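The residues making up each chain are set out below.
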Amino acid sequence: MAEERESRPVKPMGGRPPRGVRGPKIEGAGKIFWRLVKYVGRYYGVHWFFVALCIIASVLANVQGTMFTRTLIDDYIIPLTKAADPDFSGLLQAMTRVAVFYGVGIVCTYLQSRILLEVTQGTMRRLRDEMYAHMEKLPIKYFDTHVHGDIMSLYTNDIDTLRQMVSQSIPQMFNSVITVVSVFVSMVILNVPLTLLTLVMVGVMLFTSTKIAGKSGNYFVEQQKNIGRVNGYIEEMMSGQKVVKVFCHEDKSLEEFQKLNDQLFDSAYKANKFANIMMPINAQLGTVSYVLCACVGGLLALNNIGGFTIGGLTSFLTFNRSFNMPINQVSMQLNSIVMAMAGAKRVFDLLDEKPEMDEGYVTLVSARKEDGKIVECKERTGLWAWRHEHQADGSVDYVELKGEVVFDDVDFGYTDEKIVLHNIKLFAKPGQKIAFVGSTGAGKTTITNLINRFYDIQDGKIRYDGINVNKIKKADLRRSLGMVLQDTHLFTDTVMENIRYGKLDATDEEVIAAAKLANADTFIRQLPNGYNTVLTGDGANLSQGQRQLLSIARAAVADPPALILDEATSSIDTRTEKIVQDGMDKLMHGRTTFVIAHRLSTVQNSDCIMVLEQGRIIERGTHDELISQKGRYYQLYTGNSIGA
Amino acid sequence: MLKTLGKQIKEFKKDSIMTPIFMILEVIMETLIPLLMGSIIDDGVEKGDMRHIFLMGGLMLVFAVVGLFAGIMGGKYGARASTGFARNLREAMYANIQTFSFANIDKFSTAGLVTRMTTDVTNLQNAYQMILRMCIRAPFSLIIAMAASFLISARIASIYLIAVVLLGIVLMVIVKFAMKYFSQLFEKYDALNASTQENIAAVRVVKAFVREDHEINKFKKASEAVYNLGVRAEKMVILNSPFMQFTVYTCILLISWVGAHMIVVGDLSTGNLSTLLSYCMNILSNLMMLSMVFVMITMSMASARRICEVLNEEASIQNPENPEMEVKDGSIRFDHVTFRYNENSETPVLDDINLEIASGETIGILGGTGSSKTSLVNLISRLYDVSQGHVYVGGKDVREYDLEVLRNQVSVVLQKNVLFSGTILENLRWGDENATEEDCRRACRLACADEFIDKMPEGYNTYIEQGGSNVSGGQKQRLCIARALLKKPKILILDDSTSAVDTATDAKIRKAFAEEIPNTTKLIIAQRISSIEHADRIIVMHNGRVDAVGTHEELLQSNNIYREVYEAQTGGNGDFDENGGEL
């Protein structure tokens, strides 16, 4: 019961700052704004056109209604009171006319929000889908160089600010501008001096709110800082809560928290206070403006200066109110647009990231052997071949997929300036087991990342079955390489589907066979719903060892000719590993396997062991050869290295 | 639930009461102003009484000032009440979490607790402010305006009354349907975000299996579901404003018509008519506001529920009434101990365990994944309570001890251990606040942590990043052992705590333990035979039971499991160390 929605990203506390608080300065905000407008307009141009029409119509209907109050009093009620035999038919006619306007206004309001709804939800969906599709095509480097929480907040916070902008800010801005303009025109028509008076008061209002906003802004910045501290502290302490318990550190931890919490309270209080008093100040300044207009207008009407009437005054006062409101709104929306721009910039940054390039043209195809020659065929035969179309003459070669991997003097660095792998040479024959050992940071995982081209090399060549990997289509290259990583990743789905991830069209029987191969079958059957048990939260209800068994099963069902095992059994205890080993041996049989491990039993029987240090292979050979060399491997192996 | 939350208002009760009072004062001022306005028109403009206009205008300004004062005070108190409430909520949750036992902590995930203390509290803070400032204000304003209308003209006011009732019903229906769709939408939205997060974390798997398109399709489907529900929910919401407009316009027309008739026969003045018209907007927009507040409150209910779950969670392990304050020695005895994490589960995690460990003994514990090694040692420092049977430490049932006393004497180095941001010294002093630097050095020497600390440029003052991300796995483990040693415990438990430490260092640590703290009972869980083979006795765990107990030689002869593991690890000492590069 307690556990639902755990994976929601944490949103910042405290809500948005009040209007007038400067958001972060954004480079080229105008450019981003236009890009966003173009993005929204591309698919919904016609929609926007109708939205604009509807807004104009409903604003006009509203203004017209307000004007009607004057007509009502001046043209109908006052003459009627003077008439001996009042005839209401004229009034009825006028009211019917107004009613029609009102009707149009209501319909337009509805249409406007109905169309906007389509635009907003559609745009958000399109944006989400595009972002996701684009993200999936980005190279691993993007994910390695960006904090995952930051990528996530694109989908939550940033999209949300954009949604608000498209659905509220833009239409409301437009609405406000139209209202201000039409109310202003009406006011000018009614009375010029009173209009000027209203304008002066608007100036006063804007002035005071900027002043307050400036003050409040400082406190909001302060609050944001404190929120960051409190959140950071909570996150750290909650993840270490068990350690806190073990060390009886509860009181200390609470004490520290109280300190931070009080600081947050202090700044949150001040920031909120200033945000709260903004509204009454503006409202009462509005009243002052109203009173002034009433007094001056009363004088004008009384002395009948410039043909100003009581009805005119009544209408004007209503306009006075509806003039102040949109002005406040525009400045409020401006601020949220600035915030949305920051979000839009991050979203566009993602969309502008260069996707993973793939110039490969050698593809993997099903094949059949006819008279010792390889022939491409449609159906799955279990035999695979590289289809190599020569660019020069268009002739097509077929090379059987075997899993031979050759590194020829490979240099690699995550950036061009810093090379982390030097002169790597290795030769893995089909079916061989190659092991990498060495300390953390020696470059073991990096090498395996090059085989499947998660990263591209700076110099040298990597050949797969004799073909330069750069020529092979990435998707086909990766399909021919199975990977089991130290960090297992399971998806929210059934156990069955999680294993099937390795081969989407695998039958249930194939999945179960793979699970049996990895010795995962036994424990799966003990789960509440067996293979149909739904895993959540990255398989949180399984032990680390069990999760690794599942990821081994996943690689098994994919049935690739080559395997990369990156510390795949590190979390399985030796005894269980022995059970798994048997399955692993079966899995590795006949496949080229690259193993990274720091456990001896995993490495020992490899065909070749590479000892890496600081990005170089310093020793290579079989276990026995390396032991007899009495070098680094021997040291690691016997544990005599300390003090050496 | 309201009671639980209400308790947390505490010292902000005054602010919570003052806020609505000032809000009401502000509303009264706001409502009186149109009344005066009508008077200006009727008694001033129409009768040509300039004095009256200025008098009323002056009065209006006074009201405006009072209104301003009330508004500012209301805003101030409201801010204090709501942010204070939020502070108390956070603190209460944090304090309660500190009392949680391991079982309680397991129930909530870390992420879950963090969300509750951040996002959920913010939601409640906003909702509370809304309640204090709007929930009283809006209905009050509505009632006052209504009453004022009745004073002017009962006939016209009854039009409002009917409009309010009708619009109220319509709004309620809309809100009810919208809420239903929205809660479905949020669920789907959360699921979408969860799966996106999963995808980002698992990107290597996705790419390695070339499942990009598969993932994109999965996402598109989920995204479409969100879209459909979003459209459905919003479709309900957008009905609000046309209904509102319809009611307002109808009212204006009706009032104008009725009002015109009344003015003609002399039952109403023109000033009153314009006052009534301005109340019209006031009444109906307050109703609108009320329905919005209602939506907000309903939406924050989920947050309130989650917060209450934490606040109402009772620690499953509590101090006994007259606790034993001294642990006599480091002896341990398990007497027919059965343990389950969940009372309802059929198969126990530990099944009828009987063990006797003398003070000062070194015990190795070995067993496969899921053989309940960790569960066994967690019972000793009472991180969990047994389901049946007894665990004795120093001759007394662990449930008789004061928790802090017990845990200070039984020091556990957890399997999933954590260092906190702060210097190495600060981290070490978790074990003993008053430890001198010399004490810390000694503990580090024992744990073989001194060698790498001394090589760090700032030595013991080196700053450890959150989660210890700037030290290697093996270094982290050694620091954690040193930290536990500083407690000078009678029992030391190492739960797979040297797995990332190379074999030679591991041996050195064991040697130091034997020589320097011979009287401490040591329990060592390990996967490497070499880590435990020299122990006085070794316990072999299998499926929640003790499979065998004995020395290395005995077990090698008599126990199948032990022999198998030993054979699997034959040859050298087992591991290639991750820390080889530190030499």
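The shown structure was predicted, so the numbers you read here are calculated from the model rather than taken from an experiment.

Moving on, we get to the sheet that holds strand S6 (residues 421-428) of chain A. Residues and elements named next belong to chain A. The sheet built from four strands is open, its strands ordered S6-S5-S8-S9 with antiparallel pairing. Strands at the two margins of the open sheet, each flanked by one partner only, are S6 and strand S9 (467-468). Pairing of strand S5 (residues 405-412) with S6 involves five bridges; the strand directions are antiparallel. Of the residues in S6, the one forming a bridge with Phe-407 is Leu-426. Across the face of the sheet, helix H9 (residues 444-451) comes into contact with S5, S6 and strand S8 (459-464) while running at roughly 115° to S5.

Assigned domains of chain B: these are domain 1 (2-312) and domain 2 (332-570). One C-alpha centre belongs to domain 1 of chain B, the other to domain 2 of chain B; they are set 55 Å apart.

This brings us to the packing of aromatic side chains. Within the structure shown, the criterion is met by 31 aromatic pairs over all chains. Pairing Phe-33 of chain A with Trp-34 of chain A gives two aromatic rings, centres 5.8 Å apart and planes at 75°, and the pair type is edge-to-face. In this structure Trp-34 of chain A comes out as exposed when scored by relative accessible area, which is 57%. Ring centres 5.6 Å apart and planes at 90° place the aromatic pair Tyr-142 of chain A and Phe-143 of chain A in the edge-to-face group. An aromatic cluster of three or more residues is present, and its members are Phe-102, Phe-339, Tyr-341 and Tyr-384 of chain B. Over the ring of Tyr-227 of chain B we find Arg-125 of chain A; its NZ or CZ atom is 4.9 Å from the centre of that ring. Here the basic side chain of Lys-76 of chain B rests over the ring of Tyr-77 of chain B, its NZ or CZ set 5.5 Å away from the ring centre.

Okay, the packing of helix H7 (residues 154-201) of chain B against helix H11 (residues 270-312) of chain B next. All names here are of chain B. Running from amino to carboxyl end, H7 crosses H11 at an angle of 25°, the nearest separation of the two axes being 10 Å. Judged by the angle between their axes, H7 and H11 are roughly parallel. Judged by the sense of rotation from one axis to the other, the crossing of H7 with H11 is right-handed. Residue composition of the contact of H7 with H11, by class: 20 nonpolar, three polar and no charged.

Residue and element names in this part refer to chain B. With 16 residues, helix H6 (residues 137-152) extends 22 Å between its outermost C-alpha atoms, agreeing within 8% with the 22 Å of an ideal straight helix rising 1.5 Å per residue. Burial in H6 covers these residues: Arg-137, Ala-138, Ser-141, Leu-142, Ala-145, Met-146, Ala-148, Ser-149 and Ile-152. Projected onto a plane normal to the axis of H6, the buried residues spread over an arc of 160° and lie on a single side. Seen from the open side of H6, the exposed residues pointing more than 90 degrees away from its buried face are Ile-143 and Leu-151.

Residue and element names in this part refer to chain B. The residue Ser-372 is located in the loop between strand S3 (362-367) and helix H12 (373-378) in this model. For Ser-372, a relative accessible area of 10% translates into the label buried. What Ser-372 contacts, discounting residues up to four positions off in sequence, is Val-349, Leu-350, Met-541 and Gly-544.

Now for the interface of chain A and chain B. Contact with chain A, which involves 162 residues of that partner, is made by 168 residues of chain B. Approximately 15,300 Å² of surface area, both sides summed, lies buried where chain A meets chain B, with 65% of it carried by carbon and sulfur atoms. Our count for the contact surface shared by chain A and chain B stands at six salt bridges. Glu-356 of chain A is the partner of Lys-207 of chain B in a salt bridge, and the nearest nitrogen-oxygen pair spans 2.8 Å. The interface formed by chain A and chain B includes 27 residue pairs in polar contact (both at pLDDT 80 or more). The dominant element in the side of chain A that touches chain B, judged by the number of residues it contributes, is helix H7 (residues 250-302) of chain A, at 30 residues. Counted by class, the side of chain A that touches chain B contains 83 nonpolar, 45 polar and 34 charged residues.

All names here are of chain A. Read from one edge to the other, the open sheet built from six strands follows the order S10-S13-S14-S7-S15-S16, with strand pairing classed as mixed. Here the strands that pair on one side only, and so sit at the sheet edges, are strand S10 (481-484) and strand S16 (616-621). Across the sheet, the mean angle separating the axes of adjacent strands is 20° when strand polarity is ignored. Of the pairings in the sheet, the one linking strand S13 (residues 562-566) to strand S14 (residues 592-596) comprises five bridges and is parallel in character. Bridged to Ile-564 within S14 is Phe-594.

All right, on to helix H14 (residues 544-558) of chain A then. All names here are of chain A. With 15 residues, H14 extends 22 Å between its outermost C-alpha atoms, agreeing within 8% with the 21 Å of an ideal straight helix rising 1.5 Å per residue. A large share of H14 lies buried, amounting to 13 of its 15 residues. Just downstream of H14 lies Asp-559, where phi reads positive at about 55°.

As a further point, take a nonpolar patch on the surface. Residue and element names in this part refer to chain B. A contiguous nonpolar patch, built from Phe-150, Leu-161, Val-165, Ile-169, Val-173 and Phe-177 and spanning about 510 Å² of accessible area, is present on the exposed surface. In terms of residues, the nonpolar patch owes the most to one element, H7, which gives five residues. Structurally, Phe-177 is set in helix H7. Residue Phe-177 is classed as partly exposed on the basis of its relative accessible area of 37%.

Conventions we followed
Residues numbered from 1 in each chain as written. Chains lettered and ligands numbered in written order. Predicted model: local features only at pLDDT ≥ 70, side-chain atom pairs only at ≥ 80, totals over all residues. Heavy atoms only, no water. Pairing = 2+ DSSP bridges. Helix = DSSP H or I, 4+ residues; strand = E, 2+ residues; numbered from the N terminus. Contact = heavy atoms within 4.5 Å. Axes fitted to C-alpha atoms, helices over the stretch in contact; angles between N-to-C directions. Domains from an automatic or database assignment. Phe/Tyr/Trp six-rings, centres within 6.5 Å; stacked < 30°, edge-to-face > 60°. Buried < 20%, exposed > 50% of the residue type's maximum accessible area, 1.4 Å probe, protein only. Lys NZ or Arg CZ within 6 Å of the ring centre and 35° of its normal. Parallel < 35°, antiparallel > 145°, perpendicular 65-115°, else oblique. Left-handed = near helix turned anticlockwise from the far one by under 90°. Nonpolar A, V, L, I, M, F, W, Y, C, P; charged D, E, K, R; others polar. Expected span 1.5 Å × (residues − 1). Arc of directions from axis to C-beta. Buried area = accessible area lost by both parts, 1.4 Å probe. Salt bridge = Lys/Arg side-chain N within 4 Å of Asp/Glu carboxyl O. Polar contact = N/O pair within 3.5 Å; in protein donor to acceptor, adjacent residues only side chain to side chain. Patch = residues over 30% accessible without salt bridge, like charges linked within 9 Å, V, L, I, M, F, W, Y side chains within 5 Å. Areas by Shrake-Rupley, 256 points an atom, 1.4 Å probe, with all protein chains shown as cover.

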